[in-house]
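This is what each chain is made of:
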Amino acid sequence: MENLTISQVSKMYGVTPRMLRHYEKLGLIRTSHREDYAYRTYDEEALRALQQIIILRKLRIPLKQIAVILQDQVQSEFLRLLQENLSQLDEEIASLDLIRSILRQFIDHLDKSLRIKARFNLLEDSALTQMAAALAFPKTIIKENTSMNDLNKAEEVLNKSLNVRILLLPPCTVASYQYIGERPEEKVGDVVSKFVQDSRLYEIKPDARLFGFNHPNPDILEGGIYGYEDWVTIPDDMELPAPMVKKHFEGGLYAVLTIQFPEFQFWESLTRWVDENPDYEANYSELGLEIMGGCLEEHLNWVHSAHMGWPEDSFSGQIDLMLPIRRRSK
């Protein structure tokens, strides 16, 4: 297989270019330069590493552990980490078995109460209450010896109960910067971070927020080139230095899902949640894929961390995925 561009790999494996570059930054995959091409490409070794990452992430293996696994030539650490994760899953499965047992007892008690026309009071049954209080909260359920298709189905089940919020963003004035080229998110982030620090924006507007989106989205331009644009909210009368550009954002209604960077595969889960929602439907921008359909990525606590010079103990990389919606017509 010839070397592939980041856009081709993104489309082939269903991962975002931003995730691919994050994996590269962590040292999980390595890219190379082709002599006849200006941008980095992915060879067979990089694609094999990516395939392993995708499988391990579907098994809920953390990226820090994946980094160890990919470097483990004798695979003894690989075995230890898998055993450690399996042990955690066994504990979670045991907790779920206990929940199922308690629910069955609740059902039996309630059924008996209904038959004798007496009201069932959960708090009066001390044995059941103590059992419920001792439960460990389960995180995931993954069966052993599953195929990739089974993993995808399991992941879909786990993602059904997404904690999606409905949020109305008010109109606001933003300072915008866009860059088209290689590693656009990093280039844009560096410029906007410098603007935040130089302007002391956090002191002027401590509630300032940062939004970002692909502009243009991958596959719009040829050669795998795409761009990214950041918006940081500012006071209406604030004067901006070049290359920042002042814009007005009209706001709107959004379905919002919080992720931990770089789990952007949850865009698909959020899209599915909106498509299946009985009360809301997607309200994509008329510009379509050019600007991600009007979807936004809000980097939480970003302005504060940038203002402080990105200290080591700055807030962890949480991001709100924001999909524009409107109420379904009756």
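Residues numbered from 1 in each chain as written. Predicted model: local features only at pLDDT ≥ 70, side-chain atom pairs only at ≥ 80, totals over all residues. Heavy atoms only, no water.

**Notes on helix α3 (residues 44–58)**
Over its 15 residues, α3 extends 21 Å from the first C-alpha to the last, a length consistent with the 21 Å expected when each residue adds 1.5 Å. Listed in full, the buried residues belonging to α3 are Ala46, Leu47, Ala49, Leu50, Ile53, Ile54, Leu56, Arg57 and Lys58. Looking at the residues trailing α3, positive phi occurs at Arg60, about 65°. (Helix = DSSP H or I, 4+ residues; strand = E, 2+ residues; numbered from the N terminus. Expected span 1.5 Å × (residues − 1). Buried < 20%, exposed > 50% of the residue type's maximum accessible area, 1.4 Å probe, protein only.)

**Some words on the pairing of strand β7 (residues 227–234)**
In terms of burial, β7 is largely enclosed, as eight of its eight residues are buried. Neither face of β7 is left uncovered, since the one carrying Gly227, Glu229, Trp231 and Thr233 and the one carrying Tyr228, Asp230, Val232 and Ile234 both have all their residues buried. One ladder, built from eight bridges, connects strand β5 (residues 172–180) with β7; its direction is antiparallel. Counted as the bridge partner of Val174 is Thr233 from β7. In this structure, strand β6 (residues 210–214) lies alongside β7, joined through five bridges in antiparallel fashion. Across the sheet, the residue bridging to Asn214 is Tyr228, located in β7. (Pairing = 2+ DSSP bridges.)

**With respect to a nonpolar patch on the surface**
Taken together, Ile180, Ile220, Leu221 and Leu289 make up a surface patch of nonpolar side chains, about 350 Å² in accessible area. As for its position among the elements, Leu221 is in the loop between β6 and β7. (Patch = residues over 30% accessible without salt bridge, like charges linked within 9 Å, V, L, I, M, F, W, Y side chains within 5 Å. Areas by Shrake-Rupley, 256 points an atom, 1.4 Å probe, with all protein chains shown as cover. Salt bridge = Lys/Arg side-chain N within 4 Å of Asp/Glu carboxyl O.)

**Some points on the sheet that holds strand β1 (residues 4–5)**
The strand order across the open sheet formed by three strands is β1-β3-β2, and the pairing between neighbours is antiparallel. The open sheet has two edge strands, β1 and β2 (32–33), and neither has a second partner. As paired elements, β1 and strand β3 (residues 40–42) share two bridges and run antiparallel to each other. Looking at the pairing, Leu4 lines up with Tyr42 of β3.

**Quick look at the pattern of salt bridges**
Within the structure shown, the criterion is met by 19 salt bridges. In this structure, the salt-bridge partner of Glu24 is Arg183, at a minimum N-O distance of 3.1 Å. Of this pair, Glu24 sits in helix α2 (residues 17–25) while Arg183 is found in the loop between β5 and α8 (184–199), placing the two residues 159 residues apart along the sequence. Linking Arg80 and Glu84 is a salt bridge whose minimum nitrogen-to-oxygen distance equals 3.0 Å. Taken as a pair, Arg80 and Glu84 lie in helix α5 (residues 76–115) at a separation of four residues, close to a single helical turn. For Arg80, a relative accessible area of 38% corresponds to the partly exposed category.

**A few points about helix α1 (residues 6–13)**
Since the α-helix turns once every 3.6 residues, residues separated by three or four places project in the same direction. Buried within α1 are the following residues: Ile6, Ser7, Val9 and Ser10. The buried residues of α1 all sit within an arc of 165° when viewed along its axis, so they share a single face. Residues of α1 that are buried in the fold lie against β1, α2, β3 and α3. (Arc of directions from axis to C-beta. Contact = heavy atoms within 4.5 Å.)

**So, the layout of surface pockets**
In this structure, the second largest pocket spans a volume of roughly 1,100 Å³. What lines the second largest pocket is a set of 44 residues, and nearest its centre among them are Gly14, Thr16, Phe264, Trp267 and Glu268. Those elements that place two or more of their residues in the lining of the second largest pocket are α1, α2, α3, α7 (148–158) and α10 (266–275). The biggest single contributor to the lining of the second largest pocket is α10, with six residues. (1 Å grid on protein atoms, 1.4 Å probe; cavity = no way out; pocket = protein on both sides within 12 Å on 5 of 7 lines; lining within 4 Å. Points joined across faces, edges and corners; volume = space filled by probe spheres on them.)

**Brief notes about the environment of Gln52**
Considering the arrangement of structural elements, one finds Gln52 in helix α3. For the pair Gln52 and Ile69, spaced 17 residues apart in sequence, the C-alpha separation works out to 9.7 Å.

**Here we look at the packing of aromatic side chains**
Scanning all chains against the criterion turns up four aromatic pairs. Relative to Phe249, the ring of Trp231 has its centre 5.2 Å away and its plane inclined at 50°; by these criteria the two rings are tilted. Separated by 18 residues along the polypeptide, Trp231 in strand β7 and Phe249 in strand β8 (residues 245–249) bring together distant segments of the chain. Each member of the pair Trp231 and Phe249 is classed as buried. Seen from their ring centres, Trp302 and Trp310 are 5.2 Å apart, and the 75° between their planes marks the pair as edge-to-face. Three or more aromatic residues link up through ring pairs in this structure, and these residues are Phe213, Trp231 and Phe249. (Phe/Tyr/Trp six-rings, centres within 6.5 Å; stacked < 30°, edge-to-face > 60°.)

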